[in-house]
Amino acid sequence: MYKASEIIKNKSILPREPGVYIYRNSAKKVIYVGKAKSLRNRVSSYFTSKDALGEKTTALVAEISYIEFIEVRNELEAFILEANLIKKYMPHYNSMGKDGKGYKHIFIQNLKEEINGKPEVIASVGSTHEKRYKGAKYYGPYPQGNIVNNVLRLIRHVFPYRNCSQSKFRKYQRLNRPCLYGEIGLCTGPCARKEGLLENRTNVSRIRKILKSGYSSYMAELERKRKYYSNKEQYENAKTVNEHIKELESFSYTRVTPYEYEDNPNLIEDIRNSRVKGISKGFDVENSQPFRVECYDISNIMGEWATGSMVVSTNGQLDKSSYRKFRIKYTKGISDFHMMKEVLKRRLNHPDWPVPKILLIDGGKGQVGKVLEAVKELLLKVPKDVQKKEYHNLWKTVKVVGIFKPHDYFVMENLSGPLNWRVIRPDRREEWYSHLRNLRDEAHRFAKSYHKKLRKVVSKE
């Protein structure tokens, strides 16, 4: 907990990451709970010119004496943690001026239906401002109803579910066909399909876990869907699933509940330390600070406007201030290897950038071998300058690791055994594993976005 005056003087105390902030008055009573995509930006905005604030917010700011914050991994976790804390503390300014319609609950209601003369329980999922369904299980309340609807929409693309009333269900049962949601795959269609009964039950069970636990391992289901569509060459469907993955800031296989964040406000720091320990152990590298991992990717279409990206993890956290993008200038033709070599050469010309422990690339033995070859070639010329020579020698200790499909295993050069290569098959639930997968996908996204930007600029000229 910090005094508000401390944070006003030094906003760098606040992380740029998503999380929940808690305002307390002089008696240390909680008066407001909010969530933020960037804690630093959101909390700082309260202490700007008073002319820019509304009447309610001005009154709130006048009462703030202490500020707490809990950093989380993504906006979905922030959303669920915020709701839990509001429910726990019932802060004055979260309810002030509300008639109840500003808050929503997500509900799951078990409804009995006749299927072929046999009674079946088929759950329905929805959102409501009031607890008006008898026997339903409610989650929340959640501020900002539009966010509730957006979360349900995103989840529904992964786990289709029934959300209709009994009268609507029976209408389509008589018609012996599903409604529009069933037709487009957002409902399992239990009104018209026997298989839809079990599918709906399974999906609703998963949704219960998501709402209760916050951030769970259900993201593995997204990965399976994306791979399935890619293998079937249904690229539009694969793209849609990939967008959901990005929106939910996924690629994590460890469940963290809101209660764990409450019990341990330093949970994120513990998670990052766990990532570093896991990576250092998994690849046999020294666990020393700063622990830097660099990941590279190339984006090009037929060699035109090719770009390279370098994304960075420092001490188990994505370090966006260290990301770098490269426009391929000297490589002619279509050769990802030579483009990667150009990027690495330009990167090695920056002794002011810290040397990584691990250089991560998207690829298997072939790609790793080529990158090792390129790094060794680039290091053949020893600089005369003492400082650059030290930097040059540090690069000889960097380990090149590939992450390859379809299982996203790791491969690296084996320096201590009879085989030339070492394949690492980690536990998919490990934090460090999901972090490195996230880093790989971030490199791909960063390179691709720069590539698109260049193409767009050129098309306008």
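Up top is the structure.
Residues numbered from 1 in each chain as written. Predicted model: local features only at pLDDT ≥ 70, side-chain atom pairs only at ≥ 80, totals over all residues. Heavy atoms only, no water.

As for the sheet that holds strand E3 (residues 30–36)
Move 1: Ordered in space as E1-E4-E2-E3, the four strands form an open sheet in which the pairing is antiparallel. Here the strands that pair on one side only, and so sit at the sheet edges, are strand E1 (2–3) and E3.
Move 2: Bridging between E1 and strand E4 (residues 66–71) involves two bridges; their strand directions are antiparallel. By the bridge assignment, Lys3 is partnered in E4 with Tyr66. (Pairing = 2+ DSSP bridges. Helix = DSSP H or I, 4+ residues; strand = E, 2+ residues; numbered from the N terminus.)

Some thoughts on unusual backbone geometry
Move 1: Put simply, Gln289 and Pro290 share a cis peptide bond, and its omega is -10 degrees.
Move 2: In this structure, Met90 is a non-glycine residue whose phi angle is positive, near 45 degrees.
Move 3: Tracing the chain through its elements places Met90 in the loop between helix H4 (75–89) and helix H5 (92–95).
Move 4: Of note, Asp284 is a non-glycine position whose phi angle comes to about 55 degrees, a positive value.
Move 5: Along the chain, Asp284 falls in the loop between helix H13 (267–283) and strand E8 (292–301).
Move 6: By relative accessible area, which is 56% here, Asp284 ends up exposed. (Buried < 20%, exposed > 50% of the residue type's maximum accessible area, 1.4 Å probe, protein only.)

Description of the pairing of strand E12 (residues 358–362)
Looking along a regular strand, one sees side chains alternate from face to face of the sheet.
Move 1: Counting buried positions over the five residues of E12 gives four, a clear majority of the element.
Move 2: Relative to strand E13 (residues 399–404), E12 runs parallel, the two sharing five bridges. Paired with Ile361 across the strands is Gly402, a residue of E13.

Regarding the environment of Leu197
Move 1: Relative to the helices and strands, Leu197 resides in helix H9 (residues 194–213).
Move 2: Spatially, the C-alpha atoms of Leu197 and Arg162 are 9.7 Å apart, while their sequence positions differ by 35 residues.
Move 3: Sequence-distant contacts of Leu197, defined by excluding residues within four places in its chain, comprise Ile115, Glu120, Ile122 and Pro190. (Contact = heavy atoms within 4.5 Å.)

Digging into a nonpolar patch on the surface
Move 1: A cluster of nonpolar residues, Leu180, Tyr181 and Ile184, forms a patch on the protein surface that exposes about 310 Å² of accessible area.
Move 2: Residue Tyr181 is classed as partly exposed on the basis of its relative accessible area, which comes to 33%. (Patch = residues over 30% accessible without salt bridge, like charges linked within 9 Å, V, L, I, M, F, W, Y side chains within 5 Å. Areas by Shrake-Rupley, 256 points an atom, 1.4 Å probe, with all protein chains shown as cover. Salt bridge = Lys/Arg side-chain N within 4 Å of Asp/Glu carboxyl O.)

Some thoughts on a positive patch on the surface
Move 1: A contiguous patch of positive charge on the surface is contributed by Lys87, Lys131, Lys137 and Lys212.
Move 2: Mapped onto the fold, Lys137 is located in strand E7 (residues 137–143). (Lys, Arg positive; Asp, Glu negative; His and termini not counted. Charge placed at Lys NZ, Arg CZ, Asp CG, Glu CD.)

Here's the deal with empty space enclosed by the protein
Move 1: The tally for this structure, following the rule as stated, stands at one cavity of 30 Å³ or more.
Move 2: When its volume is computed, the largest cavity comes out at roughly 70 Å³.
Move 3: Around the largest cavity, the lining residues are Arg156, Arg162, Asn163, Cys164, Lys168, Phe169, Tyr172, Cys179, Tyr181, Cys187, Pro190 and Cys191.
Move 4: The element that contributes the greatest number of residues to the lining of the largest cavity is helix H7 (residues 166–175), accounting for three residues.
Move 5: For the lining of the largest cavity, the class distribution of residues is eight nonpolar, one polar and three charged. (1 Å grid on protein atoms, 1.4 Å probe; cavity = no way out; pocket = protein on both sides within 12 Å on 5 of 7 lines; lining within 4 Å. Points joined across faces, edges and corners; volume = space filled by probe spheres on them. Nonpolar A, V, L, I, M, F, W, Y, C, P; charged D, E, K, R; others polar.)

A word on the pairing of E13
Move 1: Of the pairings in the sheet, the one linking E13 to strand E14 (residues 409–413) comprises four bridges and is antiparallel in character. Looking at the pairing, Val401 lines up with Met412 of E14.

Remarks on the nonpolar core
Move 1: Tyr296, Met340, Leu344, Leu359, Val371 and Trp395 are the most contacted members of the largest nonpolar core, which has 26 residues in total.
Move 2: Of all the secondary-structure elements, those providing two or more residues to this core are E8, strand E9 (304–314), helix H14 (336–348), E12, helix H15 (365–378) and helix H16 (386–395).
Move 3: Top contributing element to this core by residue count: H14, with five residues.
Move 4: For Leu344, the residues in contact, after removing those within four places along its chain, are Tyr296, Leu359, Val371, Val375 and Leu378.
Move 5: If you look at the next biggest cluster of nonpolar residues, it comprises 22 residues, including Leu360, Ile403, Phe410 and Ile424. (Core = buried A, V, L, I, M, F, W, Y, C linked by side-chain atoms within 4.5 Å.)

A closer look at the side chain of Arg440
Move 1: Of note, Arg440 is situated in helix H17 (residues 431–460).
Move 2: Look at Arg440 and you get buried, because its relative accessible area is 3%.
Move 3: Engagement of the side chain of Arg440 in a polar contact is seen with the side chain of Asp441, the distance being 3.0 Å.
Move 4: Among all residues touching Arg440, those that are not within four sequence positions of it are Cys295, Asp362, Ile403, Lys405 and Asp408. (Polar contact = N/O pair within 3.5 Å; in protein donor to acceptor, adjacent residues only side chain to side chain.)

Observations concerning the environment of Lys357
Move 1: Here Lys357 lies in the loop between H14 and E12.
Move 2: For Lys357, a relative accessible area of 18% corresponds to the buried category.
Move 3: Linking Lys357 and Leu394, residues 37 residues apart in sequence, is a C-alpha distance of 9.3 Å.
Move 4: Setting aside its immediate chain neighbours within four residues, Lys357 contacts Val285, Glu286, Ser288, Pro290, Phe291, Arg292, Val398 and Lys399.
Move 5: A polar contact of 2.4 Å, which involves the side chain of Lys357, links it to the side chain of Ser288.

Observations concerning the packing of aromatic side chains
Move 1: Using the criterion set out here, one finds 16 aromatic pairs in the structure.
Move 2: Measuring from centroid to centroid gives 5.9 Å for Tyr2 and Phe69, while their planes differ by 5 degrees, and the two rings are stacked. Linking Tyr2 in strand E1 with Phe69 in strand E4, this pair joins segments that are 67 residues apart in sequence.
Move 3: An aromatic cluster is built from Tyr21, Tyr23, Tyr32 and Tyr46, whose rings are joined through pairwise contacts.
Move 4: A cation over a ring is seen here: Lys137 above Tyr139, with NZ or CZ 5.9 Å from the ring centre.
Move 5: One residue, Arg156, lies across the ring of Tyr161, its end atom 4.6 Å from the ring centre. (Phe/Tyr/Trp six-rings, centres within 6.5 Å; stacked < 30°, edge-to-face > 60°. Lys NZ or Arg CZ within 6 Å of the ring centre and 35° of its normal.)

Structural notes on the packing of H14 against H15
Move 1: Running from amino to carboxyl end, H14 crosses H15 at an angle of 40 degrees, the nearest separation of the two axes being 10 Å. Taken together, the axes of H14 and H15 are oblique relative to one another. Considering the relative orientation of H14 and H15, their crossing is right-handed. Judged by residue contacts, Phe337, Met340, Lys341, Leu344, Lys345 and Leu348 of H14 engage Lys370, Val371, Glu373, Ala374, Val375, Glu377 and Leu378 from H15. (Axes fitted to C-alpha atoms, helices over the stretch in contact; angles between N-to-C directions. Parallel < 35°, antiparallel > 145°, perpendicular 65-115°, else oblique. Left-handed = near helix turned anticlockwise from the far one by under 90°.)

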